[in-house]
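# Topology and contacts: notes
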Amino acid sequence: MQAISRDPSPTTTTPLGYALFATRWLQAPLYFGLVAAQGVYVYKFFHELWTLVLRCVTGQATETYVMLAVLKLVDVVMIANLLIMVIVGGYETFVSRIGLQGHRDQPEWLSHVNSNVLKVKLATAIVGISSVHLLQMFVDVHHTSRHALLWGTVIHMAFIASAAILAYMSGPMAAQSERGHQQPQHGAASAPAAAQEPAAQVFVPAQAAAPRYDDASSTEERLRAAGFPARKLLEEFDSEHPHSFDREAVARLGKLDFVAAHRNVVLVGPPGTGKTHLAVGLGVRACQAGHSVLFATAEEWAARLAGARDAGRLAEELSALDDHPVLIVDEVGYTPFDAGTAGLFFQLIAHRYERSSLIVTTDRPLGRWDEIFGGPSALAMVDRLAHHAELVRIDGESYRMRRVGAAWAD
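Described in the following lines is the structure provided in the data block. (Residues numbered from 1 in each chain as written. Predicted model: local features only at pLDDT ≥ 70, side-chain atom pairs only at ≥ 80, totals over all residues. Heavy atoms only, no water.)

### What about helix α10 (residues 275–288)?
- Helix length check: α10 (14 residues) gives 20 Å between terminal C-alpha atoms against 20 Å at 1.5 Å per residue, within 8%.
- Most of α10 is tucked away, with 13 of its 14 residues classed as buried.
- Looking one or two residues beyond α10, the residue adopting positive phi is G290, at roughly 100°. (Helix = DSSP H or I, 4+ residues; strand = E, 2+ residues; numbered from the N terminus. Expected span 1.5 Å × (residues − 1). Buried < 20%, exposed > 50% of the residue type's maximum accessible area, 1.4 Å probe, protein only.)

See below:
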């Protein structure tokens, strides 16, 4: 298995191009100005809230006034939410990446934000704000002229129509982009099976947009170089078979945030429960997202590291593996290792600690890895592996044995 070199840029950017691209920073003060505007709305919110509380305490607040005051507070909050979307989404799209990958509070929409998505979200937010304004008119209908009410309704319907048109226009473009990302996933052999698979089985979300522009040929090159025993997709996983496993965790891992955050994934379960399928599915999706991946069983990794150690180039081998953001170590626990081999695995895990990701499949809980690896390094190895890791436990009978049993019954 060899490292995949990065594709060179097909064009060379001129100094004028760099200068023009650098002008995007002129927009940065605009977004900081919007931050100041949000501060104004925070002041307005608490001012209105304090006025409402005072009038309620002194008994001067009528039911209509309370309703209008609450709607005004809701209006302020919705405008503040609109500002957040413009500030964060606009800055991320047009100025510079914020780098929130792996943050627990990262907005769901930020991972796939673009100018088209931002327009639709802003349009729907404006419709919501317009709805609140129109509701205020209806609540205070006795003090609202028919002319104002008519034009308020017309303007609100115009906002709804414009949002619907934007959503309709973005639908075909989003579907085309999604097909473009999913087309490399399915080979000629797997496409019919995926087409016949019921929609209920696809529990993993669709792949997010690749971090860089890519084509099918380079994706295919990464998939071949990864050394997968077979190309299995997360969408093809039989999510109904295992007796118990965390579907939400696997769906979250399918977004590949763990790769950007340099976190590990440990899949634990008995043989035949689909650990390798999930590991390969995550690896395939990482390849499609532009990441280089290497797959091997624990025994194969042991032989590779031992060969590098015997040749006196273990440090160079570990450094070369840094070119691969994701390494998959399959079948840990099926073969016991001596203290020397355990030390090699410890060096691999320690070298990649908080720098790159490991996906490990094992039939033993991490607390029993001393049964697999001899010597004193097992505890330190588990400590580093599990520190930044998503552990997914899969319980159930073997899928292969179930099929064999069914065949014997027939």
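### Comments concerning the nonpolar core
- One finds W301, V329, V332, F345, W369, F373 and L385 to be the most contacted residues of the largest nonpolar core, which totals 33 residues.
- When residues of this core are traced back to their parent elements, those giving at least two are β1 (264–268), β2 (293–297), α11 (298–310), α12 (314–320), β3 (326–332), α13 (339–352), β4 (357–362) and α14 (377–387).
- Discounting residues that sit within four places of it in the chain, W369 has contacts with V332, V360, T362, R364, A378, M381, V382 and L385.
- By size, the runner-up hydrophobic cluster in this structure holds 30 residues, among which are L253, F258, A279 and F295. (Core = buried A, V, L, I, M, F, W, Y, C linked by side-chain atoms within 4.5 Å. Contact = heavy atoms within 4.5 Å.)

### Regarding the packing of helix α7 (residues 216–226) against α10
- Packing of α7 against α10 brings their axes to within 8 Å, and their N-to-C directions diverge by 145°. The way α7 lies across α10 gives a crossing that is right-handed. Contact with α7, carried on its side by T219, R222, L223 and A226, involves V284, C287 and Q288 of α10 and no other residues of that element.
- Its residues placed into classes, the contact of α7 with α10 shows 4 nonpolar, 2 polar and 1 charged. (Axes fitted to C-alpha atoms, helices over the stretch in contact; angles between N-to-C directions. Left-handed = near helix turned anticlockwise from the far one by under 90°. Nonpolar A, V, L, I, M, F, W, Y, C, P; charged D, E, K, R; others polar.)

### Topic: the pairing of β2
- Judged by how many residues are buried, β2 sits mostly within the fold: 5 of 5 residues are covered.
- Relative to β3, β2 is paired through 5 bridges, and the arrangement is parallel. Paired with L294 across the bridge in β3 is L327. (Pairing = 2+ DSSP bridges.)

### Comments concerning the sheet that holds β3
- Strand order in the open sheet made by the 5 strands is β2-β3-β4-β1-β5, with parallel pairing throughout. Only two strands of the sheet have a single neighbouring strand rather than two, namely β2 and β5 (389–393). Pairwise comparison of adjacent strand axes, ignoring direction, gives a mean angle of 10° for this sheet.
- Judged from the 4 bridges that link them, β1 and β4 form a sheet pairing that is parallel. Residue pairing across strands places L267 opposite T361, the latter belonging to β4.
- Contacts between α10 and the sheet are confined to β1, β2, β3 and β4, with β4 contributing the most and set at about 160° to the helix.

### Looking at the environment of D322
- Here D322 is to be found in the loop between α12 and β3.
- Given the relative accessible area of 25%, D322 is considered partly exposed.
- Through-space distance from the C-alpha of D322 to that of R352 is 7.7 Å; in sequence the pair is 30 residues apart.
- Here the side chain of D322 touches R355 through a polar contact of 3.1 Å, side chain to side chain. (Polar contact = N/O pair within 3.5 Å; in protein donor to acceptor, adjacent residues only side chain to side chain.)

### A word on the pattern of salt bridges
- Overall, the coordinates contain 13 salt bridges when judged by the stated rule.
- Where R252 meets E390, a salt bridge forms, and the shortest distance between an N and an O atom there is 2.9 Å. Of this pair, R252 sits in helix α8 (residues 247–253) while E390 is found in strand β5, placing the two residues 138 residues apart along the sequence.
- For R252, a relative accessible area of 41% translates into the label partly exposed.
- Here R393 makes a salt bridge to D395, at a shortest N to O gap of 2.8 Å. (Salt bridge = Lys/Arg side-chain N within 4 Å of Asp/Glu carboxyl O.)

All we've got here are geometric facts, nothing functional implied.
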